[in-house]
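Here are the chains, one letter per residue:
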Amino acid sequence: DAGVIQSPRHEVTEMGQEVTLRCKPISGHDYLFWYRQTMMRGLELLIYFNNNVPIDDSGMPEDRFSAKMPNASFSTLKIQPSEPRDSAVYFCASRLGASSQPQHFGDGTRLSIL
Amino acid sequence: KNEVEQSPQNLTAQEGEFITINCSYSVGISALHWLQQHPGGGIVSLFMLSSGKKKHGRLIATINIQEKHSSLHITASHPRDSAVYICAVRGGSGSRLTFGEGTQLTVNP
């Protein structure tokens, strides 16, 4: 079975540009999570959705960050305008049902803002 | 003080050694996760615990709710076990996870 699919795997862009990260959760999973991982701060939850509805976005760092989930099989995390401090690995994860189930992680998008 | 503390931060072992990684947390939790992140960056969920002990192959995870402590053990370690091991806790009924800083494990042949 296909796991969580993220794209692109790597993104390098200049500061000020808009960046869009994409995630396709495992089919049937009703929870979707966006995480950011940096050396300084480790893994941090940015936002999560349940049935396409954002539930907790308190981890979204600033208004420059936005996330959408237009349908059950697709989510985007957008940064506009991007800054060098946004450089990190961004992971998407999905989960089926209750909190007692494990999260399944994508391979991550390594983002570098120059 | 972080809500989730892991020790050690770095661990180097020889192949075959028994390895223990510890995780202590300061808040009430409803579940604890152990994750493995390979050098390539991918993250795999190893265990999710709310009590007791779980075993999968050479990996064993235990949790003591009263002491707010969990351990991840690797028996007969192998170089392919080299990875970062991350402890994460979920408090209450929500889905938010709080992560430890990870333990970098290197197993030498």
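What you see as residue numbers is a count from 1 along each chain, following the sequence as written. All chains are assigned letters beginning at A, and all ligands numbers beginning at 1, according to the order in which they are written. This being a predicted model, a pLDDT of at least 70 is required before a residue's local features are given, and a value of 80 or more before pairs of side-chain atoms are given or counted; all residues contribute to the totals for chains, interfaces and linings. Excluding hydrogens and water, the side-chain figures rest on all heavy atoms present in the structure.

1. Digging into the packing of aromatic side chains
Under the convention used in this document: The pairing test for Phe, Tyr and Trp rings, Trp by its six-membered ring, is centres within 6.5 Å, and the orientation test on the planes gives stacked under 30 degrees, edge-to-face over 60, and tilted for anything in between. Three exposure classes are used, based on accessible area relative to the maximum for each residue type with a 1.4 Å probe and protein chains only: buried under 20%, partly exposed in between, and exposed over 50%.
Tallied over the full model, the rule gives seven aromatic pairs over all chains. Where Y31(A) meets F33(A), the ring centres are 6.3 Å apart and the plane angle is 15°; that geometry is what we call stacked. A residue is classified by how much of its surface remains accessible, and Y31(A), at 17% relative accessible area, is buried. Taking relative accessible area as the criterion, F33(A) reaches 0% and is therefore assigned buried. Aromatic ring contacts, followed pair by pair, group Y31(A), F33(A), Y35(A), Y48(A), F91(A), F105(A) and F99(B) into a single cluster.

2. Quick word on the confidence of the model for chain A
To keep it simple, the criterion reads: Confidence per residue, as judged by the predictor, is encoded in pLDDT with a range of 0 to 100. Secondary structure follows DSSP: runs of H or I at least 4 residues long count as helices, runs of E at least 2 residues long count as strands, and numbering of each begins at the N terminus.
The predicted model of chain A has a mean per-residue pLDDT of 92, with 99% of residues at 70 or higher. When mean pLDDT is compared element by element in chain A, strand β3 (residues 19–24) of chain A scores highest at 98, while strand β2 (residues 10–13) of chain A scores lowest at 90.

3. Some thoughts on the pattern of salt bridges
Test applied: Any carboxyl oxygen of Asp or Glu within 4 Å of a side-chain nitrogen of Lys or Arg constitutes a salt bridge here.
This structure, assessed with the given rule, holds ten salt bridges over all chains. The partner of K78(A) in a salt bridge is E18(A), with the nearest N and O atoms 3.9 Å apart. Of this pair, K78(A) sits in strand β8 (residues 74–79) while E18(A) sits in the loop between β2 and β3; the two residues are 60 residues apart in sequence, bridging distant segments of the chain. With a relative accessible area of 45%, E18(A) lands in the partly exposed category. We note a salt bridge from R58(B) to D81(B), for which the minimum N-O separation is 2.8 Å. Taken together, the residues span a long stretch of sequence, with R58(B) in the loop between β6 (52–56) and β7 (59–64) and D81(B) in the loop between β8 (69–74) and β9 (83–90) at a distance of 23 residues. When its relative accessible area of 25% is taken as the criterion, R58(B) is described as partly exposed.

4. Quick look at the state of the cysteines
Residue and element names in this part refer to chain B. Threshold: Two cysteine sulfurs form what is called a disulfide whenever their separation falls within 2.5 Å.
Within this structure, the stated rule accounts for two disulfides over all chains. Disulfide pairing is shown between C23 and C87; the S-S distance is 1.9 Å. Where C23 bonds to C87 through sulfur, the torsion about that S-S bond is close to -65°, and the disulfide is left-handed. Residue C23 is found in strand β3 (residues 19–25), and its partner C87 is found in strand β9; the two are separated by 64 residues along the sequence.

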